[in-house]
Amino acid sequence: MNPWHRLPPLRSFRVLEAAARHQNYTRAADELHLTHSAVSHQIHALESTLGVRLFERSGRQMRATETGRALAQDVRATLDALAAAVDRVRAGDGGNAITVSVLPSFAAAWLVGRLGGFLERHPQIELRLESTTALADFRNDGVDVAIRYGSGNYEGLDCIKLFDDEIFPTMSPKLRRSAKIRTPADLARVPLLRIRNQPWAPWFAAAGVALPEPRRGPVFNDSELALQTAIQGQGVVLARGSLASAKLRSGVLVAPFKQRIASPQTCYLVYPPTHGKKPSVQLFQAWLLDELRATPPSQGGVAA
């Protein structure tokens, strides 16, 4: 007898996967367009059918048990495989489209100017570029691959390291002249622009200067906006070399000091394992790695 007839409804597995991933019934309900009570009901029904506890209360939250996490992981892999199979059927030719999610800063600084080479090499591929700071969830937004800075520790995803980076202060030549910036200590005289999750303190320590972490002034969630603000002479920004290199070469920004520190975040190409089987993803990954080897993002210009 076919064992499939013993399977609970597919909907309950989708609810399980979302609830385990979010560790929160309310967020799972929002994602699936259900009510909190509907999610709770689906989980209770699945527990009754299987005869095991899948979630347990932890404070005000419902967290997956070890059994629940293991089952959710298997369900996630199965749903990803099913989605990939459907995509292959829809594509007809084995997958001639790809949606790439990338940070606006990296898109502007490096990627966009080179995409013509990919399209010329693979004219059959329909490329869709989403320039956004939002993290891709790959299950609901149609994204095939994402280019992101991070730790590379993304559960359930394949992460291909693209390059390391360095960070250092950059500013407009005009501001450097007017503020007479010669040593790191001189930064106390100019506004310090802040990028979210990129503190100044580690660079201050490496440069041997006793300046406090800036607490005032604008905070940017995208490096390109901060760099453009620096170009306008409105302050000094702690920039990644990969994003500032073209601006340093053109002279709209200068790097006044030799001191560099390694960025705690590395650039990765990220995608679910099932997406890696798509021909369009394989072609894009191969082209991207070739392009990075040929013209790697600079680790920063020479101090001016």
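All values derive from a computational prediction rather than experimental measurement. (Residues numbered from 1 in each chain as written. Predicted model: local features only at pLDDT ≥ 70, side-chain atom pairs only at ≥ 80, totals over all residues. Heavy atoms only, no water.)

(A) Examining the packing of helix α9 (residues 223–231) against helix α10 (residues 241–250) more closely. Contact geometry of α9 with α10 gives a least axis separation of 11 Å together with a crossing angle of 30°. With respect to each other, α9 and α10 are oriented roughly parallel. As α9 packs across α10, the resulting crossing turns out to be right-handed. Taking contact as the criterion, the partners of Ser-223, Glu-224, Leu-227, Gln-228 and Ile-231 in α9 are, on α10, Leu-243, Ala-244 and Lys-247. Tallied by class, the residues present in the contact of α9 with α10 amount to four nonpolar, two polar and two charged. (Axes fitted to C-alpha atoms, helices over the stretch in contact; angles between N-to-C directions. Helix = DSSP H or I, 4+ residues; strand = E, 2+ residues; numbered from the N terminus. Parallel < 35°, antiparallel > 145°, perpendicular 65-115°, else oblique. Left-handed = near helix turned anticlockwise from the far one by under 90°. Contact = heavy atoms within 4.5 Å. Nonpolar A, V, L, I, M, F, W, Y, C, P; charged D, E, K, R; others polar.)

(B) Representation of the packing of helix α1 (residues 10–22) against helix α2 (residues 25–32) in the model. At their nearest, the axes of α1 and α2 sit 8 Å apart, and the two run at 130° to each other. On the basis of the axis angle, α1 is oblique to α2. The crossing of α1 and α2 is right-handed. Contacts between α1 and α2 involve Arg-14, Val-15, Ala-18, Ala-19, Arg-21 and His-22 from the first element and Tyr-25, Arg-27, Ala-28, Glu-31 and Leu-32 from the second. Tallied by class, the residues present in the contact of α1 with α2 amount to six nonpolar, one polar and four charged.

(C) Just the packing of aromatic side chains, in detail. This model, assessed by the stated rule, comprises twelve aromatic pairs. Plain terms: the ring middles of Phe-118 and Phe-284 are 5.5 Å apart, the flat faces sit at 80° to each other, and that makes the pair edge-to-face. With Phe-118 in helix α6 (residues 115–121) and Phe-284 in helix α11 (residues 279–294), the pair connects residues that are 166 residues apart, well separated along the chain. Judged by relative accessible area, which is 0%, Phe-118 ranks as buried. Considering the side-chain rings of Phe-284 and Trp-287, the 5.7 Å spacing of their centres and the 40° angle between planes classify their relative orientation as tilted. In this pair, Phe-284 and Trp-287 are both assigned in helix α11, three residues apart and thus about one turn of the helix distant. The pair formed by Phe-284 and Trp-287 is uniform in burial state, with each residue classed as buried. Following the ring pairs from residue to residue traces out a cluster consisting of Phe-106, Trp-110, Tyr-149 and Phe-163. (Phe/Tyr/Trp six-rings, centres within 6.5 Å; stacked < 30°, edge-to-face > 60°. Buried < 20%, exposed > 50% of the residue type's maximum accessible area, 1.4 Å probe, protein only.)

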